[in-house]
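Spelled out, the chains give:
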Amino acid sequence: MYLKALEIQGFKAFPDKTVLQFGEDITAVVGPNGSGKSNISDAIRWVMGEQSAKALRGSKMEDVIFSGTAQRAPVGFAQVTLVLDNTEHIFPSMEESEVAVTRRYYRSGESEYYINRQSVRLKDVTELFLDTGLGKEGYSIIGQGKIDEILSAKSGERREIFEEAAGISKFRHRKEESERKLERTEENLVRINDKIAELE
Ligand code: ATP
């Protein structure tokens, strides 16, 4: 069981701190239209690092912050914490049996990310989820229309889906990062050689 709990505060239709505990069995969220069911899956997607406001059904990132109602004033920030089970070490880099990922976003545009209450970068959150089957590109959240999108994807895009599912995208990600470093180092070498040539 991966998901243990979700804490939502100031996110979309949840101004107050709301804690959802997920059991071992199937959890179904039911409610009238517009009552906030999809906002829960948006919160999960968002805390895992989603950067597209459109994917979260908004036009700008500020739209995730509770914007007030006739009875309630807007709030200043949105915060979501996702608590995941790690007893089977699905996150090999973490020793703890539980991993809590938190994202906080202020109206000023400032973002904060935490893993087990330690302040981290977005990159650390993205890397934590790589090849776990979770994460914003992990296909663990299947939105409306996603199946059609996968079926009509171009071969390159479909390959990325299989790479993520097979658990090798982490290595492609690291290879691309190393190639960028190598390129920068080669550029620096050219500059140093030019300087040496000038001095000779
Ligand atoms: P449906 O069954 O129609 O798909 P739903 O239960 O999934 O509906 P959601 O789409 O999750 O509902 O929630 C929509 C509600 O969330 C709307 O009432 C909308 O006003 C509210 N909402 C969305 N963003 C915010 C926000 N930033 N501040 C306050 N309320 C918000």
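Residues numbered from 1 in each chain as written. Predicted model: local features only at pLDDT ≥ 70, side-chain atom pairs only at ≥ 80, totals over all residues.

An unreviewed UniProt entry annotates the chain as Chromosome partition protein Smc originating from Pusillibacter faecalis.

A. Examining the domain arrangement of the chain more closely. Here the chain is partitioned into domain 1 (3-136) and domain 2 (171-200). Here the C-alpha centre of domain 2 lies 39 Å away from the C-alpha centre of domain 1. (Domains from an automatic or database assignment.)

B. Representation of the site of the ligand in the model. Around the ligand, 14 residues are found, and the nearest of them are Ala 13, Asn 33, Lys 37, Ser 38 and Asn 39. Looking at the shell around the ligand residue by residue, the classes come out as 3 nonpolar, 8 polar and 3 charged. (Near = placed C-beta within 6 Å. Nonpolar A, V, L, I, M, F, W, Y, C, P; charged D, E, K, R; others polar.)

C. Layout of the nonpolar core. Counting 25 residues, the largest nonpolar core has Phe 11, Ala 43, Val 47, Val 64, Ala 78 and Val 80 as its most contacted members. Taken together, the elements giving at least two residues each to this core come down to α1 (37-47), β3 (77-85), β4 (98-106) and α2 (122-129). The greatest single-element share of this core, amounting to 5 residues, is contributed by β3. Those residues within four positions of Val 47 in sequence are excluded, and the remaining contacts are Val 80, Thr 81, Leu 82, Val 101 and Arg 103. (Core = buried A, V, L, I, M, F, W, Y, C linked by C-beta atoms within 7 Å. Buried ≥ 20, exposed ≤ 12 C-beta atoms within 10 Å, placed from the backbone. Helix = DSSP H or I, 4+ residues; strand = E, 2+ residues; numbered from the N terminus. Contact = placed C-beta atoms within 7 Å.)

D. Representation of the sheet that holds strand β6 (residues 118-120). A sheet is described by the order of its strands in space; here 6 strands give the open sequence β2-β1-β3-β4-β5-β6, paired in antiparallel fashion. Each edge of the open sheet is held by one strand with a lone partner, namely β2 (18-21) and β6. Adjacent strand axes in the sheet meet at a mean angle of 20°, parallel and antiparallel pairs treated alike. In the sheet, strand β5 (residues 111-115) pairs with β6 via 3 bridges, with the strands oriented antiparallel. Following the sheet pairing, Tyr 113 is matched in β6 by Val 120. Across the sheet, α1 touches β1 (3-9), β2, β3 and β4, and the angle it forms with β3 is around 80°. Along the sheet face, α2 touches β4, β5 and β6 and points at about 45° away from the line of β5. (Pairing = 2+ DSSP bridges. Axes fitted to C-alpha atoms, helices over the stretch in contact; angles between N-to-C directions.)

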